[in-house]
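Structural overview
Below are the chains, spelled out letter by letter.
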Amino acid sequence: MVQRTPVQQSGLQTPESMGRAAEQLKDWYGAAAARIRRSVLPDPDHTGGPAIRSSTTALAGRTVGQHALAFLPRLLVGVAALLFVLAIGLFAFRLMYNDRIYPSVVVGDVPVGGLTAQQAEARIEERAGELERGTITFAYGGKTWTPTLSQLGATVETERSVSQAYLLGRNDDAASRFAFTGDILRGDQLVSLRTRVDPIALNAWFDQVDRDLDQSAVNAEIKVDGTDVTISPDATGIIVDRNVATDTILASLTALTPVQGELPTVIAEPQIRAADLEPMRDDVQEALSKPIRVQFEGQSWRIEAETLSRFLSVNSTYTDGKAGVDLAVDQKALSAVLREQFTGEINRSPVDAQVAWSDSDGLIALEPSTDGITLKSTEFARVLSESFLDDHQRVNIPVVVTKPEIDSNNLAALQITDRLARGDSNYDGGSDERNTNIGVGVGLLNGTLVRPGEVFSFNSAIGEITADKGYVEASVVVAERSGRDIGGGICQVSTTVFRAALLAGMPIAEWHPHTYRIKGYERDGWGPGYDASILQWGSDPAQWGDFKFENTTDGWLLVESWTTFPHVIVNIYGKDMGTTVEITDTFQGEVIQEYDDVEVVKEDLPAGTVRQTEYPMQGYEAAFVRVLKDKDGKVIAEREFYTHFKGRGNVYEVSPDMQGQSGAG
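Residues numbered from 1 in each chain as written. Predicted model: local features only at pLDDT ≥ 70, side-chain atom pairs only at ≥ 80, totals over all residues. Heavy atoms only, no water.

Considering the overall build of the protein
Looking only at helices and strands, one finds 16 helices and 36 strands in the protein. Burial status across the protein gives 38% buried among its 665 residues. Long-range pairs, those at least 24 residues apart, make up 71% of the contacts in the protein with a sequence separation of at least 6. For the protein, the accessible surface area stands at approximately 36,300 Å², while carbon and sulfur atoms represent 49% of it. (Helix = DSSP H or I, 4+ residues; strand = E, 2+ residues; numbered from the N terminus. Buried < 20%, exposed > 50% of the residue type's maximum accessible area, 1.4 Å probe, protein only. Contact = heavy atoms within 4.5 Å. Areas by Shrake-Rupley, 256 points an atom, 1.4 Å probe, with all protein chains shown as cover.)

Some details on the packing of helix 5 (residues 117-133) against helix 6 (residues 158-167)
Contact geometry of helix 5 with helix 6 gives a least axis separation of 9 Å together with a crossing angle of 130 degrees. Judged on the interaxial angle alone, helix 6 and helix 5 are oblique. The way helix 5 lies across helix 6 gives a crossing that is right-handed. Side by side, helix 5 and helix 6 meet where Ala 117, Ala 120, Glu 121, Ile 124 and Glu 125 of the first sit next to Thr 158, Glu 159, Ser 161 and Val 162 of the second. Considered class by class, the residues forming the contact of helix 5 with helix 6 number 4 nonpolar, 2 polar and 3 charged. (Axes fitted to C-alpha atoms, helices over the stretch in contact; angles between N-to-C directions. Parallel < 35°, antiparallel > 145°, perpendicular 65-115°, else oblique. Left-handed = near helix turned anticlockwise from the far one by under 90°. Nonpolar A, V, L, I, M, F, W, Y, C, P; charged D, E, K, R; others polar.)

Thoughts on empty space enclosed by the protein
Tallied over the full model, the rule gives 3 cavities of 30 Å³ or more. Size it by volume and the largest cavity reaches roughly 50 Å³. The wall of the largest cavity is formed by Arg 499, His 514, Tyr 516, Ile 518, Tyr 521, Glu 522, Gly 527, Pro 528, Gly 529, Tyr 530, Asp 531 and Phe 645. Residue composition of the lining of the largest cavity, grouped by class: 6 nonpolar, 3 polar and 3 charged. (1 Å grid on protein atoms, 1.4 Å probe; cavity = no way out; pocket = protein on both sides within 12 Å on 5 of 7 lines; lining within 4 Å. Points joined across faces, edges and corners; volume = space filled by probe spheres on them.)

Digging into helix 8 (residues 199-213)
Between the first and last C-alpha of helix 8 there are 21 Å, a value that for 15 residues agrees with the 21 Å anticipated at 1.5 Å per step. Listing the buried residues of helix 8 in full gives Leu 202, Trp 205, Phe 206, Val 209, Asp 210 and Leu 213. Each buried residue of helix 8 sits inside an arc of 145 degrees when the element is viewed along its axis, so together they form one side. In helix 8, those exposed residues whose orientation departs by more than 90 degrees from the buried face are Ile 200 and Arg 211. Tucked inside the fold, the buried residues of helix 8 contact strand 3 (137-140), strand 4 (143-145), strand 7 (195-197), strand 10 (237-240) and helix 9 (242-255). Between the side-chain oxygen of the N-cap and the backbone nitrogen of Ile 200 there are 3.1 Å, and the N-cap of helix 8 in question is Asp 198. Directly after helix 8, the chain includes Asp 214, whose backbone phi takes a positive value near 55 degrees. (Expected span 1.5 Å × (residues − 1). Arc of directions from axis to C-beta. Polar contact = N/O pair within 3.5 Å; in protein donor to acceptor, adjacent residues only side chain to side chain.)

Observations concerning the confidence of the model for the protein
Residues at a pLDDT of 70 or more form 83% of the protein, whose mean pLDDT is 85. Across residues 1-15 the pLDDT falls below 50, and counting only partners more than four positions away or on other chains, this stretch makes 23 contacts in the model. Low pLDDT, under 50, characterises residues 44-62; the predicted model gives this stretch 4 contacts beyond four residues in sequence or across chains. (pLDDT = per-residue confidence, 0-100.)

Regarding the nonpolar core
Grouped together as the largest cluster of nonpolar side chains are 39 residues, with contacts concentrated most on Leu 445, Phe 456, Phe 458, Phe 547 and Phe 549. For this core, the secondary structure elements donating two or more residues are helix 14 (432-445), helix 15 (458-462), helix 16 (491-504), strand 29 (557-564) and strand 30 (567-574). Residue contributions to this core peak at 8 residues, all from helix 16. For Leu 445, the residues in contact, after removing those within four places along its chain, are Phe 456, Phe 458, Ala 461, Ile 462, Val 493, Val 497, Val 559, Ser 561 and Val 570. Counting residues in each nonpolar core, the second largest holds 34 residues, with Ile 272, Ile 292, Ile 373 and Phe 380 among its members. (Core = buried A, V, L, I, M, F, W, Y, C linked by side-chain atoms within 4.5 Å.)

Points about the pairing of strand 9 (residues 228-232)
Bridge analysis of strand 8 (residues 221-225) against strand 9 gives 5 bridges, and the strand direction is antiparallel. Within strand 9, the residue paired with Ile 222 across the bridge is Ile 231. A loop of 2 residues connects strand 8 with strand 9, the two strands running antiparallel in sequence, and Gly 226 in this loop sits at a positive phi of about 70 degrees. (Pairing = 2+ DSSP bridges.)

Observations concerning the environment of Ala 217
For Ala 217, the position within the fold is in the loop between helix 8 and strand 8. According to the relative accessible area criterion, Ala 217 is partly exposed, its value standing at 27%. In the structure, Ala 217 is positioned 20 residues away from Gly 237 in sequence and 4.1 Å away in space, judged by C-alpha atoms. Setting aside residues no more than four positions away along its own chain, Ala 217 makes contact with Ala 235, Thr 236, Gly 237, Ala 268, Glu 269 and Pro 270.

Looking at the packing of aromatic side chains
Counted according to the given criterion, the structure contains 16 aromatic pairs. When the centroid spacing of 5.8 Å and the interplanar angle of 55 degrees are considered together, the rings of Trp 205 and Phe 206 count as tilted. Each member of the pair, Trp 205 as well as Phe 206, carries the same accessibility label: buried. With a centroid separation of 4.8 Å and 15 degrees between ring planes, the pair formed by Trp 357 and Tyr 573 is classed as stacked. In this pair, Trp 357 sits in strand 17 (residues 354-358) while Tyr 573 sits in strand 30, placing the two residues 216 residues apart along the sequence. Both residues of the pair, Trp 357 and Tyr 573, belong to the buried class. Over the ring of Tyr 516 we find Arg 648; its NZ or CZ atom is 4.6 Å from the centre of that ring. (Phe/Tyr/Trp six-rings, centres within 6.5 Å; stacked < 30°, edge-to-face > 60°. Lys NZ or Arg CZ within 6 Å of the ring centre and 35° of its normal.)

This is the structure in structure tokens:
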């Protein structure tokens, strides 16, 4: 018959049955040891039966040594048997608890012996929840704080606690494992509940308590009011003794018991004493004792220290055991004030040079250009702040310089090197008013510059025709009728520009011939059709009749105009691209008879008025072709300019009462 160990007999399935098995195993080990002792050792309290007495008699004559040698084999057999039994029991014990925590193990105050890791975690999680919801009570000065342990950042590390419990008795040392088996037979084996405190959460709570106490230490500070500098006093305070309070909280976790007591506090000493700031106050006072001079282009301004002190912040510091002071200027706010104060003094737009052509020197500046200036207020605030906080040296006001488009110091950039064409017209025989308007128009046109690729506009060059520019009323043709208006005669100037642009080879972008043939434009060898009219009618310049040409050269163009009675002269200067112009296919048609008389009723004429304002004029057709060739003689553009001059009969103006009595058919 095979004898089973208590483990083999028990058939354990639950933690409770495993506990009972452990007790049975303990009893079985004791009984086995007793049997072995009885089998190998003589009974010290009995003399034994006859066999023993007989044996004793038989041995009486032997020596003590001989007697011991006879007993030794029995002793060794007994010890071996005992060890064998213990080994079998230990093996069965470890096998039974292969995936469970050994019996008699307690984590904190939670028994986990015989439990799997998952079962143990569940028990400890439940206990952890109770602990983390538990409160600690501190009191001070009539105030009480009762934070939970979780609010203080305390948490139970369940997995780590269970892992420590499971590893208990499972190290690699056989002797230690055997010793642990004996330990659990003698009593519970305690494993500390593993906990952790988040220092960030704990210190955040301490910070809040310090705010509740409202007794923090007060550092001395330097105060500035205008140009007055003072030192505010320092003062001691009372704050939480964080080391002691932390130890108290950790002790509560270790003991698994709530804590209630006086809030530990310490006296908080100020880091910065008033005496520490005395030398620095003198430095600040020195900075506020002087104004700063700023300058630009020979002008100088004085900025008072009291003005700058509005933007000064003084912060006391404590670094490496030493008190100090940081002085800083609110440069953003200072920049806004400087911008408001100095923009009008400093800023200006660039002014182009006024240029002209000299036959001996080429392009020259009649009036020099002026650089544009823009205040750099942010940079101004920076350099002013540096001077204020340092040596109070003069400050040059920083600016952005914008070069004019027409820079008198760099006229070569315009590439105006040659006279490209000359246009002229004869205005002899006109009225004084017409001559005046021609002079005004020529003066406004003179010096006009045209960028590369830009389209020249005659209306843009002279501006709106108004009396305040010097124009006067003179004869005009409006809506196919002759009359009088401000600026009459200005077409003499536009006609001359047309002739110069035509001969310079510039593409003509907009051109309107006159309605009626004006023979005065045909003097000095110019045939009919070489004229250009313009019309400024209404308030929208986009609707005006204009003369335009395009600058297709690589450089700028200069349009110069003047009068040498009775001639209007227009020269165009620029970069010679090597092109040539030919006028071909000149055409002058037969006279066109258009003699319808016209009567115009005018409400403002006195009663009984009949007056003739225009006389019969024959219609006429004229045309010519401009051929443009490149420097190699290749034709690059060709255009016909055709004009149909209308004819007309007599024109009469009458008062309303004389309507139909002028004789106009």
